[in-house]
There are 2 protein chains.
Amino acid sequence: MSLKPFFDYIKDRTPLTDSEEAILLSKLRVKKYRKGEFVVRNGETPRYKNFVLSGCLKTFYIDDKGREHVSMVAIENWWAGDLGSFLRQTKAHLNVQCLEDSELVQIHYHDLQQLYQDIPKLERFFRIIVQNAFVASENRILNSFTLTAAERYLQFREKYPAIEQRVPQYVLASYLGITKEFLSKIRNQLIFA
Amino acid sequence: MSLKPFFDYIKDRTPLTDSEEAILLSKLRVKKYRKGEFVVRNGETPRYKNFVLSGCLKTFYIDDKGREHVSMVAIENWWAGDLGSFLRQTKAHLNVQCLEDSELVQIHYHDLQQLYQDIPKLERFFRIIVQNAFVASENRILNSFTLTAAERYLQFREKYPAIEQRVPQYVLASYLGITKEFLSKIRNQLIFA
DNA sequence: CGAAAATTTGACATGACTCAACTGGAGTGG
DNA sequence: CCACTCCAGTTGAGTCATGTCAAATTTTCG
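Residues numbered from 1 in each chain as written. Chains lettered and ligands numbered in written order. Predicted model: local features only at pLDDT ≥ 70, side-chain atom pairs only at ≥ 80, totals over all residues.

We now examine the overall build of chain A. Along chain A, the regular secondary structure elements total nine helices and eight strands. For a compact globule of 193 residues, the expected C-alpha radius of gyration is about 16 Å, and chain A comes in at 18 Å, within 12% of that figure. Its C-alpha atoms give chain A principal-axis dimensions of about 60 × 35 × 30 Å. Look at the contacts in chain A between residues 6 or more apart in sequence, and 71% of them connect residues 24 or more apart. (Helix = DSSP H or I, 4+ residues; strand = E, 2+ residues; numbered from the N terminus. Rg over C-alpha atoms; globule rule 2.2 N^0.38 Å. Contact = placed C-beta atoms within 7 Å.)

Listed below in structure tokens is the structure:
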């Protein structure tokens, strides 16, 4: 697949000159992953920032009881990764794994630092991306404190219908902070309500 | 109080030239608030980005049952506000209120846009601040899914001992996503455990 | 077709909430 | 400096939302 969706995504937010586009292009690589493959594995230091060209991935944490907790699901035009460890270049405590065959645009940590130097616009670009991600994250916290599990499920469905179709229910349940069994019961009740 | 802590905070992260410092200074104002006063009120559009010079504030949401949910507590050297509404310059759905008499450094929305233009370093500066805030927020989500209320309380105590001393228990309880009654019981149990 | 993965179902357990009453400071004003 | 109120914190009884565990069923896919 081509890089077009990636550049479209960027240019929708920040117009780039041809030379900037060329510089950026020179720092990108595209990598394909098979369903089930890990992009980031707990304990390894993530070297790349990942943009999803195609496919679908989950980011999750394994707690001390061995349970999986999904913190993020990414599809086309989203970023995926363990941002904290990437930024500090330390060992990941999260995992990122493909739920489908996927293609990612990857930017190496050092190249990204270079890009910030060479194309200050990108600094702004990522500032805005992260700001929005932060606001969304804070909202998610408030939702989890304010709403019941069923309400959160309905809201998710409303907001991300595309994702609900694509990911296994247990992933969605985990993302919503509930067990797969309970989500199953919620869905069942909704049908007869 | 002087602006020194504010500039210290910035320069710890991004060295500024004298002229940059002067430009920045020209866009700042300091405002004092009394305990109980609102800095941002649900329904009003927040015009300023707020840095806490002194004091302590809570950011909270009132749900449809009239219950208060604290999303954030800020003390010296933290930022406070309803970031989402500030960024979009739309009506706040959060409130920011002082828990103590407080002094804030405020930057007007439009001045901030100008500062990004004039001092590209600030773009980086805020990108990094928000990145860290985002990572912290994601962690908070995982904690709330992974840990029990008592564990979250202990972890908070460990991480922010300064804040526990200063805020009323019901604020802390709300921040942790539990009721004040339950936090009271947790504390009680911890004493005899 | 068969095995593995995902989902469902039911009985039971529990963490956390609700509500209401009570306690104990911390102002405040007379 | 007392009386009063107000706000924060505590306590207890009862309840509810969600979790646990284990088994049954369905779907997916090699």
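There is more to say, and it comes next.
Here we come to the protein's contact with DNA strand C. Among the 16 residues in the neighbourhood of DNA strand C, the closest are listed as Gln169 and Ser184 of chain A together with Ala149, Ile178 and Phe182 of chain B. Of all the secondary-structure elements, those providing two or more residues to the surface near DNA strand C are helix H8 (169–176) and helix H9 (180–191) of chain A together with helix H6 (149–159) and helix H9 (180–191) of chain B. Looking at the surface near DNA strand C element by element, the count peaks at six residues for H9 of chain A. (Near = placed C-beta within 6 Å.)

Residues in a regular strand project their side chains so that they alternate between the two faces of the sheet. Relative to strand S8 (residues 102–108) of chain B, strand S1 (residues 28–33) of chain B runs antiparallel, the two sharing six bridges. By the bridge assignment for S8 of chain B, Lys32 of chain B is matched with Glu103 of chain B. (Pairing = 2+ DSSP bridges.)

Now for the protein's contact with DNA strand D. Taken together, the neighbourhood of DNA strand D is formed by 16 residues, with Ile178 and Phe182 of chain A together with Pro168, Gln169 and Ser184 of chain B sitting nearest. Taken together, the elements giving at least two residues each to the surface near DNA strand D come down to helix H6 (149–159) and H9 of chain A together with helix H8 (169–176) and H9 of chain B. It is H9 of chain B that provides the largest number of residues to the surface near DNA strand D, a total of six residues. Here the residues of the surface near DNA strand D sort into six nonpolar, five polar and five charged. (Nonpolar A, V, L, I, M, F, W, Y, C, P; charged D, E, K, R; others polar.)

For the pair chain A and chain B, the best superposition has an RMSD of 0.0 Å and corresponds to a rotation of 180° with a translation of 0.0 Å parallel to the axis. Such a turn and shift between the copies fits a two-fold axis. Most of the interface of chain A is mirrored in chain B, where 100% of its interface residues are also at the interface. (Least-squares fit on C-alpha atoms with pLDDT ≥ 70 in both.)

For the rest of this paragraph, the subject is the sheet that holds strand S7 (residues 95–98) of chain B. Taken in spatial order, the four strands of this open sheet run S2-S7-S4-S5 (chain B), and their pairing is antiparallel. A strand with exactly one partner marks an edge of an open sheet, and here the two such strands are strand S2 (38–40) and strand S5 (68–74) of chain B. The sheet shows a mean angle of 30° between the axes of neighbouring strands, direction not considered. Here S2 of chain B runs beside S7 of chain B; their pairing, made up of two bridges, is antiparallel. If you follow Phe38 of chain B over to S7 of chain B, its bridge partner there is Gln97 of chain B. Packing against the sheet, helix H5 (residues 120–146) of chain A makes contact with strand S4 (57–62) and S5 of chain B, and its axis sits at approximately 145° to S5 of chain B. In the packing of H8 of chain B onto the sheet, contacts are made with S4 and S5 of chain B, and the angle to S5 of chain B comes to roughly 100°. (Axes fitted to C-alpha atoms, helices over the stretch in contact; angles between N-to-C directions.)

All right, on to the interface of chain A and chain B then. The partner chain B presents 27 residues to the 27 residues of chain A that form the contact. Broken down by element, the residue count for the side of chain A that touches chain B peaks at 18 residues, all from H5 of chain A. Counted by class, the side of chain A that touches chain B contains 13 nonpolar, eight polar and six charged residues.

Within the open sheet, the four strands sit side by side as S2-S7-S4-S5 (chain A). Their pairing is antiparallel. Pairing within the sheet leaves two strands with one partner each, and these edge strands are strand S2 (38–40) and strand S5 (68–74) of chain A. Going from strand to strand, the sheet's axes swing by 30° on average, the running direction of each strand aside. Helix H5 (residues 120–146) of chain B contacts strand S4 (57–62) and S5 of chain A of the sheet and is inclined by roughly 140° relative to S5 of chain A.

Residues and elements named next belong to chain B. Here H8 crosses H9 at 100°, and the two axes come no closer than 8 Å. When the interaxial angle is binned, H8 and H9 end up roughly perpendicular. When H8 is examined against H9, the residues Gln169, Tyr170, Leu172, Ala173 and Leu176 are found in contact with a partner set consisting of Lys180, Leu183 and Ser184. In terms of residue class, the contact of H8 with H9 is made up of five nonpolar, two polar and one charged. (Parallel < 35°, antiparallel > 145°, perpendicular 65-115°, else oblique.)

In this section: unusual backbone geometry. In this model, Asn77 of chain A sits at a positive phi of 70°, which is unusual for a non-glycine residue. Here Asn77 of chain A lies in the loop between S5 and strand S6 (79–80).

Further remarks concern the domain arrangement of chain A. All names here are of chain A. The domains assigned to chain A are domain 1 (4–146) and domain 2 (147–193). Placing the centre of domain 1 and that of domain 2 at their C-alpha centroids yields a distance of 24 Å. In this assembly, 11 residues from domain 1 lie in contact with 11 residues from domain 2. For the side of domain 1 that touches domain 2, the elements supplying multiple residues, two or more each, are S5 and H5. Its residues assigned to classes, the side of domain 1 that touches domain 2 comprises five nonpolar, four polar and two charged. (Domains from an automatic or database assignment.)

All right, on to the packing of H6 of chain A against H9 of chain A then. Residues and elements named next belong to chain A. At a closest axis distance of 10 Å, the pairing of H6 and H9 adopts a crossing angle of 75°. Between H6 and H9, the interaxial angle falls into the category roughly perpendicular. Seen from H6, the contacting residues are Ala149, Ala150 and Tyr153; seen from H9, they are Phe182, Leu183 and Ile186. Of the residues assigned to the contact of H6 with H9, the class counts are six nonpolar, no polar and no charged.

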